[in-house]
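Chains, contacts and geometry: an overview
This is what each chain is made of:
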There are 2 protein chains.
Amino acid sequence: MAHEHIVKSFDSELARLYGELKRMGELSVRQLTDAGAILLARDAAAADQLIANDGEIDALERDVSTDVLRLLALRQPMARDLREVYSALKIAADIERVGDLAANVAKRSKVLNLSAVIPAVAGLPALIELAAELVREAIQSYLSRDAELAKRVRERDAELDQLYTRIFREVLTYMAEDARMITACTHLLFIAKNIERIGDHATNIAESAWFVVHGEAMIEARTKRDGTTG
Amino acid sequence: MAHEHIVKSFDSELARLYGELKRMGELSVRQLTDAGAILLARDAAAADQLIANDGEIDALERDVSTDVLRLLALRQPMARDLREVYSALKIAADIERVGDLAANVAKRSKVLNLSAVIPAVAGLPALIELAAELVREAIQSYLSRDAELAKRVRERDAELDQLYTRIFREVLTYMAEDARMITACTHLLFIAKNIERIGDHATNIAESAWFVVHGEAMIEARTKRDGTTG
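As for the overall build of chain A
The helix and strand inventory of chain A stands at six helices and zero strands. Reading chain A from its N end, one meets helices and strands in the order α-α-α-α-α-α. A total of 230 residues make up chain A; the buried ones form 54% of that total. A sequence separation of at least 24 residues applies to 85% of the contacts in chain A between residues at least 6 apart. Split by element, the accessible area of chain A, about 9700 Å² in all, is 54% carbon and sulfur.

Structure, rendered in structure tokens:
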């Protein structure tokens, strides 16, 4: 009976951890898609609000870390349980970075508002949508222990890299044509780079999901198709 | 006797972990300073070698993770011991990123070799030296449990941000004057950004060191003096 109670309690603590990760994931994806909308709308006030919202994701990451440390100390999980807890910690760190990068997109969008609209901005919604999808699916693959989905997420990161490379080149060409646009274009390049990095974090999350299921790392090397020496 | 043996064994496993972190730290700092030298020397072959070397840091991070998981499962550390182990994991992840960023500096240096020398490159050695110093001291603060050193490292990250901002602005001005230099200058901006990010990882490591000593996070907000909306 006592053992059962401990087991049940461990499961309920894990469930709490998953709830926090799920919430973090939803918030970070929303921050990312909102950052894209704000960029198109050139809405500086909304950008400031989005930057302030990032604190909520940071606080959730601290909650996850605290919960993981408590779980490790009190429950002393073994084998797969230990992998679950360990992966939760890593995934929380990746989602926190997705939030940071989304906030940085909003921050840089304010610099873009000071210049004329750069045509390549039209390519960002597709880039953001794909990155958001990869983050969403990576977290889904972890929460539903779907290793095949995790594998697909990692494979699709190459699509994001290709899209990023296309935008990167388009912006470089545009910069060369109009020196007055150099500052804005530079920030646009960093914005696109941030989104490409978000894809890397989705890949990390997918790799953590795979590790939880299989107990070992994904072996095949990921094809990196980012042609900008990213 | 049995208990003493377990305690001693835990200590020796911790010592092994510290040894791995120390080695990772040395390698990543060397990669960073070498990347700076390669950039100045415009040596593409050495850049390729440096990129290949990054695998050793990645492998060490995997060793640390494996050792931490084994330590958690077999030794079930509590309180400060648990914080030590947990921080080792976080620090290994930060050092691994320092290695990635250094390798990316080398990768982008090859693009710079295709154009004339950009005057702002002369500002990079100071930026790299400061970043390397912060990483070195951050790891030192962790290994020697020196919370005051950890605090100073975090404070000095503002110097790195200021230096980065100065280089960033210098490059932007230069780009505006010569459109043929736009591609190379863009990569130089990303190189400088990578080094500024290395400072953030040094700060993370310093915060982990503080956490090990005090059992709580550093409270005072860090002043971010990067004026490029980094």
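Description of the packing of aromatic side chains
In this structure the tally under the stated criterion is nine aromatic pairs over all chains. Ring geometry for Tyr18 of chain B versus Tyr142 of chain B: centroids 5.9 Å apart, planes at 80 degrees, classification edge-to-face. Placement of Tyr18 of chain B in helix α1 (residues 2-41) and of Tyr142 of chain B in helix α4 (residues 124-143) is noted, with a sequence separation of 124 residues between them. A residue is classified by how much of its surface remains accessible, and Tyr142 of chain B, at 2% relative accessible area, is buried. With centroids separated by 6.0 Å and ring planes inclined at 70 degrees, the aromatic side chains of Tyr86 of chain B and Phe211 of chain B adopt a geometry described as edge-to-face. Of this pair, Tyr86 of chain B sits in helix α3 (residues 79-112) while Phe211 of chain B sits in helix α6 (residues 182-214), and the two are 125 residues apart along the sequence. Three or more aromatic residues link up through ring pairs in this structure, and these residues are Tyr164, Phe168 and Phe190 of chain A together with Tyr164, Phe168 and Phe190 of chain B.

What to know about the relation of the copies chain A and chain B
For these two chains of identical sequence, chain A goes onto chain B by a turn of 180 degrees and a shift of 0.0 Å along the axis, with RMSD 0.0 Å. Those values place the two copies in the arrangement expected of a two-fold rotation axis. Among all residues of chain A, the minimum C-alpha distance to the rotation axis is found for Gln76 of chain A, at 3.0 Å. Both copies contact each other with a shared surface, as 100% of the interface residues of chain A are interface residues in chain B too.

Points about the packing of helix α3 (residues 79-112) of chain A against helix α6 (residues 182-214) of chain A
All names here are of chain A. Axis separation between α3 and α6 bottoms out at 9 Å; the angle between their running directions is 170 degrees. When the interaxial angle is binned, α3 and α6 end up roughly antiparallel. Looking at side-chain class alone, the contact of α3 with α6 contains 19 nonpolar, ten polar and eight charged residues.

Focus on α4 of chain B
Taking 1.5 Å as the rise per residue, α4 of chain B with 20 residues should run 28 Å; its terminal C-alpha atoms sit 28 Å apart, in good agreement. Count one or two residues on from α4 of chain B and you reach Arg145 of chain B, which has phi positive near 55 degrees.

Quick notes on the interface of chain A and chain B
The partner chain B presents 32 residues to the 32 residues of chain A that form the contact. Of the roughly 3000 Å² buried where chain A meets chain B, counting both sides, 70% is carbon and sulfur surface. For the interface between chain A and chain B, the tally reads zero salt bridges. Our count for the chain A to chain B interface comes out at four residue pairs in polar contact (both at pLDDT 80 or more). Within the residue set of the side of chain A that touches chain B, elements represented by two or more residues are α2 (44-75), α3, α5 (147-177) and α6 of chain A.

Notes on the side chain of Asn194 of chain A
Locating Asn194 of chain A in the fold gives a position in helix α6. Every residue in contact with Asn194 of chain A, bar those within four places of it in the chain, is listed here: Leu101, Asn104, Val105 and Arg108 of chain A.

Topic: the confidence of the model for chain A
Residues and elements named next belong to chain A. The predicted model of chain A has a mean per-residue pLDDT of 92, with 93% of residues at 70 or higher. At the low end of the mean pLDDT range in chain A sits helix α1 (residues 2-41), at 88; at the high end sits helix α4 (residues 124-143), at 98. Scored as a whole, the predicted complex attains pTM 0.92, and scored at its interfaces, ipTM 0.90.

What about the environment of Ala35 of chain B?
All names here are of chain B. Structurally, Ala35 can be placed in helix α1. Among the residues examined, Ala35 registers a relative accessible area of 1% and is labelled buried. Sequence spacing of Ala35 and Ile51 is 16 residues, and the spatial spacing of their C-alpha atoms is 9.3 Å. Sequence-distant contacts of Ala35, that is, excluding residues within four places in its chain, are made with Leu50, Ala102, Val105 and Ala106.

Looking at the side chain of Asp54 of chain A
All names here are of chain A. Along the polypeptide, Asp54 turns up in helix α2. For the buried Asp54, which has no salt bridge, the nearest side chain bearing the opposite charge is Arg97, at an N-O separation of 7.9 Å. Ignoring anything within four residues of it in the chain, the contact list for Asp54 reads Gln31, Gly99, Asp100 and Ala103.

Rules used in this analysis
- Residues numbered from 1 in each chain as written.
- Chains lettered and ligands numbered in written order.
- Predicted model: local features only at pLDDT ≥ 70, side-chain atom pairs only at ≥ 80, totals over all residues.
- Heavy atoms only, no water.
- Helix = DSSP H or I, 4+ residues; strand = E, 2+ residues; numbered from the N terminus.
- Buried < 20%, exposed > 50% of the residue type's maximum accessible area, 1.4 Å probe, protein only.
- Contact = heavy atoms within 4.5 Å.
- Areas by Shrake-Rupley, 256 points an atom, 1.4 Å probe, with all protein chains shown as cover.
- Phe/Tyr/Trp six-rings, centres within 6.5 Å; stacked < 30°, edge-to-face > 60°.
- Least-squares fit on C-alpha atoms with pLDDT ≥ 70 in both.
- Axes fitted to C-alpha atoms, helices over the stretch in contact; angles between N-to-C directions.
- Parallel < 35°, antiparallel > 145°, perpendicular 65-115°, else oblique.
- Nonpolar A, V, L, I, M, F, W, Y, C, P; charged D, E, K, R; others polar.
- Expected span 1.5 Å × (residues − 1).
- Buried area = accessible area lost by both parts, 1.4 Å probe.
- Salt bridge = Lys/Arg side-chain N within 4 Å of Asp/Glu carboxyl O.
- Polar contact = N/O pair within 3.5 Å; in protein donor to acceptor, adjacent residues only side chain to side chain.
- pLDDT = per-residue confidence, 0-100.
- Lys, Arg positive; Asp, Glu negative; His and termini not counted.

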